[in-house]
Amino acid sequence: MINNLNNLINQYGTPDALIDNWDEELIGYAVWGFEESIIWNNQGLYISNKKVKPDLGLIQESINNWKKQSNDIACLSFISYNFKNILYPHIKFQNYNENFPYLLFIKPRLIKKYKIEKNSGQNVSLKMIKDFMNYQEYKVKLDKIKNELHDGNVYQINFTNNKKYKSMNEAFDIYLSLRSQIKPKYGFYFNYEQYKILSFSPELFFKCKSNYIESHPMKGTINRSNNLKIDNDLKLKLKNSEKDKAEHLMIVDLMRNDIGKIAENESVKVDQLYEVKSYKTVHQMISKVKGKVKQSIQEIDIIKALFPGGSVTGAPKESAMKIIDSLENYSRDIYTGSLGYIKSNGDMKFNIAIRTLCFDNDIASYGIGGGIVWDSESKSEWLEAHLKSKILLSILN
């Protein structure tokens, strides 16, 4: 019989991590304690607390060992957006938080499955202490992006900023309270040192199963309505939007190219192009990009080929990341990075860390933004960015 999450918490205490995917399987994993770790931070790469040369191959060796010692989930991971600094060393990025790790892999000490269902949560609250940039500032930034688009340096930029919140509640209690409302398809909770990551992501970065990989890039958003007819009209409006489809296709093509680096020739296909799915507060446009992974490819090769996800950079990826770095005045950290896991058989699943709160002690950052193309209107893009923080409204005071 599968466990109930509340019963597990009563028995073992607050978990250090949850793999909380409200997908078709409805099976979650709760983790207590970490036996071994791989951490790459500003001081270098450490494997089981020993500093080693900064080499992705050494990370793969440790993952291979952990896979041999596991029957199911071999390791959990979070990867900061700033891991791009390691993957693209020829670009001198300015905006990064020296205290936040580039990446972390952990081997779980105790792991228990649980049934994903609504749970009884405590009353919790957040107080906003820093809002998203005002419209005037935002328009100045968008005008600069339009200049880059006009000059042909880039086709699309995913421009973001963050809100900040303070809470007197435990981060885990906030996660429990919100998860039942949001039902995050690729939800994750991760506790590491002073950081608590609460990811309510609807976006799949990639999953691998039996040597097949698929990514579900998400680009194109519209608000929902409580009125059923208006809600259906809004969904149809997004489905028929030429602007959103053009913006979306750029990212689908980028992901096809990235997956093509690690997939067998002519195996990369696109399924369900421009599908619109409905979530609690928004409708989103999603496609599926699939391929068969070459036999020689290992887990770290996949991360290296795909990271960061095209939906959170823009296209072309390198040019977009340079422009983002010149325009954004904060470090994204886990936001637009990824959280996921690797199984003993090599199956993987990683989200795109959007709709994600990251606590540093009692202060939380919540990033929001969107893709900007030539015909983007600054006011509607500014409003759409705000729309992506609506999932927090129920606990704001």
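As shown above, the structure is provided for reference.
Rules used throughout
Residues numbered from 1 in each chain as written. Predicted model: local features only at pLDDT ≥ 70, side-chain atom pairs only at ≥ 80, totals over all residues. Heavy atoms only, no water. Helix = DSSP H or I, 4+ residues; strand = E, 2+ residues; numbered from the N terminus. Rg over C-alpha atoms; globule rule 2.2 N^0.38 Å. Buried < 20%, exposed > 50% of the residue type's maximum accessible area, 1.4 Å probe, protein only. Contact = heavy atoms within 4.5 Å. Areas by Shrake-Rupley, 256 points an atom, 1.4 Å probe, with all protein chains shown as cover. Lys, Arg positive; Asp, Glu negative; His and termini not counted. Charge placed at Lys NZ, Arg CZ, Asp CG, Glu CD. Pairing = 2+ DSSP bridges. Axes fitted to C-alpha atoms, helices over the stretch in contact; angles between N-to-C directions. Left-handed = near helix turned anticlockwise from the far one by under 90°. Nonpolar A, V, L, I, M, F, W, Y, C, P; charged D, E, K, R; others polar. Phe/Tyr/Trp six-rings, centres within 6.5 Å; stacked < 30°, edge-to-face > 60°. Lys NZ or Arg CZ within 6 Å of the ring centre and 35° of its normal. Arc of directions from axis to C-beta. Polar contact = N/O pair within 3.5 Å; in protein donor to acceptor, adjacent residues only side chain to side chain. Parallel < 35°, antiparallel > 145°, perpendicular 65-115°, else oblique. Core = buried A, V, L, I, M, F, W, Y, C linked by side-chain atoms within 4.5 Å.

**Q** Before we go on, may I ask you to explain the overall build of the chain in this structure?
**A** A count of helical and extended segments in the chain gives 10 helices and 20 strands. Here the C-alpha atoms of the chain give a radius of gyration of 20 Å, agreeing with the 21 Å that 2.2 N^0.38 yields for 397 residues. For the chain, the spread of C-alpha atoms along the principal axes amounts to about 55 × 50 × 40 Å. Classification of the 397 residues of the chain by burial places 58% in the buried group. Within the chain, counting contacts between residues at least 6 apart in sequence, those at least 24 apart form 76% of the total. With the model as given, the accessible surface of the chain reaches about 17200 Å², and the carbon-plus-sulfur share is 45%. In the chain, 55 positive and 46 negative side-chain charges are present, and the distance between their average locations comes to 2 Å.

**Q** Would you mind going over the pairing of strand β5 (residues 73-79) with me for this structure?
**A** Each regular strand shows side chains that alternate between the opposite faces of the sheet. Most of β5 is tucked away: seven of the seven residues are buried. Relative to strand β17 (residues 338-343), β5 runs antiparallel, the two being bridged by six bridges. In the sheet register, I73 faces β17, and the bridge partner there is K343.

**Q** Looking at this structure, I do not really get the packing of helix α4 (residues 135-150) against helix α10 (residues 378-387). What am I missing?
**A** Each pair of packed helices can be summarised by the angle the axes make with each other and by the distance between the axes. Where α4 contacts α10, the two axes come as close as 10 Å, and the packing angle between them is 115°. Relative to α10, the crossing made by α4 is right-handed. Each of Y135, Y138, K139 and L142 in α4 lies in contact with α10, whose residues at this interface are S378, K379, E381 and W382. By residue class, the composition of the contact of α4 with α10 is four nonpolar, one polar and three charged.

**Q** What is the right way to look at the packing of aromatic side chains in this model?
**A** Within a pair of aromatic rings, the relevant descriptors are the distance that separates the centres and the angle that separates the planes. The final tally for this structure, using the stated rule, is 19 aromatic pairs. Relative to F350, the ring of F206 lies with its centre 5.3 Å away and its plane at 15°, an arrangement referred to as stacked. Within this pair, whereas F206 is found in strand β11 (residues 204-209), its partner F350 is found in strand β18 (residues 348-351), the two being separated by 144 residues in sequence. For F206, a relative accessible area of 0% gives the class buried. Taking relative accessible area as the criterion, F350 reaches 1% and is therefore assigned buried. Ring-pair connections join several aromatic residues into one group, and the members of that group are F34, F78, F100, F188, F190, Y192 and Y195. Here K84 stacks its cationic end above the ring of F93, 4.1 Å away from the centre of that ring. The cationic tip of K146 hangs over the ring face of W374; the distance from NZ or CZ to the ring centre is 5.7 Å.

**Q** Whenever I open this one, helix α1 (residues 5-12) confuses me. Can you help?
**A** An α-helix turns once every 3.6 residues. As a result, residues three or four positions apart point the same way. Buried within α1 are the following residues: L5, L8 and I9. Each buried residue of α1 lies within a common arc of 100° when the element is viewed along its axis, so the set occupies one face. Across from the buried face of α1, at angles greater than 90 degrees, the exposed residues are N10 and Q11. In this structure, the buried residues of α1 make contact with β1 (17-20), β2 (27-41), β6 (103-115) and α5 (171-182). Looking at where α1 begins, the residue whose side-chain oxygen comes 2.9 Å from the main-chain nitrogen of N6 is N4.

**Q** Could you clarify how one ought to interpret the side chain of S77 in this entry?
**A** For S77, the position within the fold is in strand β5. Among the residues examined, S77 registers a relative accessible area of 1% and is labelled buried. Of note is the side chain of S77, whose polar atom sits 3.0 Å from the backbone oxygen of L104. Non-local contacts of S77, meaning those with residues more than four positions away in its chain, are made with L104, F105, F190, S338, L339, G340 and F350.

**Q** What am I meant to see in the pairing of β1 here?
**A** Of the two faces of β1, the one carrying A17 and I19 and the one carrying L18 and D20 are both buried. Summarising the sheet, β1 and β2 pair through three bridges and their orientation is antiparallel. Paired with A17 across the strands is V31, a residue of β2. Counted between consecutive antiparallel strands, the loop separating β1 from β2 contains six residues, among which L26 sits at a positive phi close to 55°. As judged from the four bridges shared by β1 and strand β9 (residues 186-192), these two strands associate in the antiparallel manner.

**Q** Looking at this structure, how should I read the packing of helix α2 (residues 56-68) against helix α8 (residues 299-306)?
**A** At a closest axis distance of 8 Å, the pairing of α2 and α8 adopts a crossing angle of 135°. Classified by the angle between their axes, α2 and α8 sit oblique to one another. Each of L56, I59, Q60, I63, N64 and K67 in α2 lies in contact with α8, whose residues at this interface are E299, I300 and K304. Across the contact of α2 with α8, the residue classes tally to four nonpolar, two polar and three charged.

**Q** What exactly am I supposed to notice about the nonpolar core here?
**A** Within soluble globular proteins, side chains that are nonpolar tend to cluster in buried spots. One finds I59, F83, F105, F206, I303 and L306 to be the most contacted residues of the largest nonpolar core, which totals 102 residues. If you tally residues by element for this core, the top one is α5, at seven residues. Discounting residues that sit within four places of it in the chain, F83 has contacts with W40, L56, Y102, L103, I303 and F307. Listed in part, the 21 residues of the second largest apolar core include A17, F78, F188 and I334.

**Q** Help me understand unusual backbone geometry, please; the structure alone is not making it clear to me.
**A** Where the residue is not glycine, phi is negative for most of them; where a peptide bond is considered, it is trans in most cases. Across the junction of F307 and P308, the peptide omega takes the value -15°, indicating a cis bond. Tracing the backbone through its elements, the reader meets P308 in the loop between α8 and β16 (314-315). Between A315 and P316 the backbone carries a cis peptide bond, its omega angle lying at -10°. Its place among the elements puts P316 in the loop between β16 and α9 (317-327). Of note, the phi angle at Q272 is positive, near 50°, even though the residue is not glycine. In this fold, Q272 is placed in strand β14 (residues 269-278). The class for Q272 is partly exposed, based on a relative accessible area of 42%. Unlike most non-glycine residues, D333 shows phi in positive territory, near 55°.

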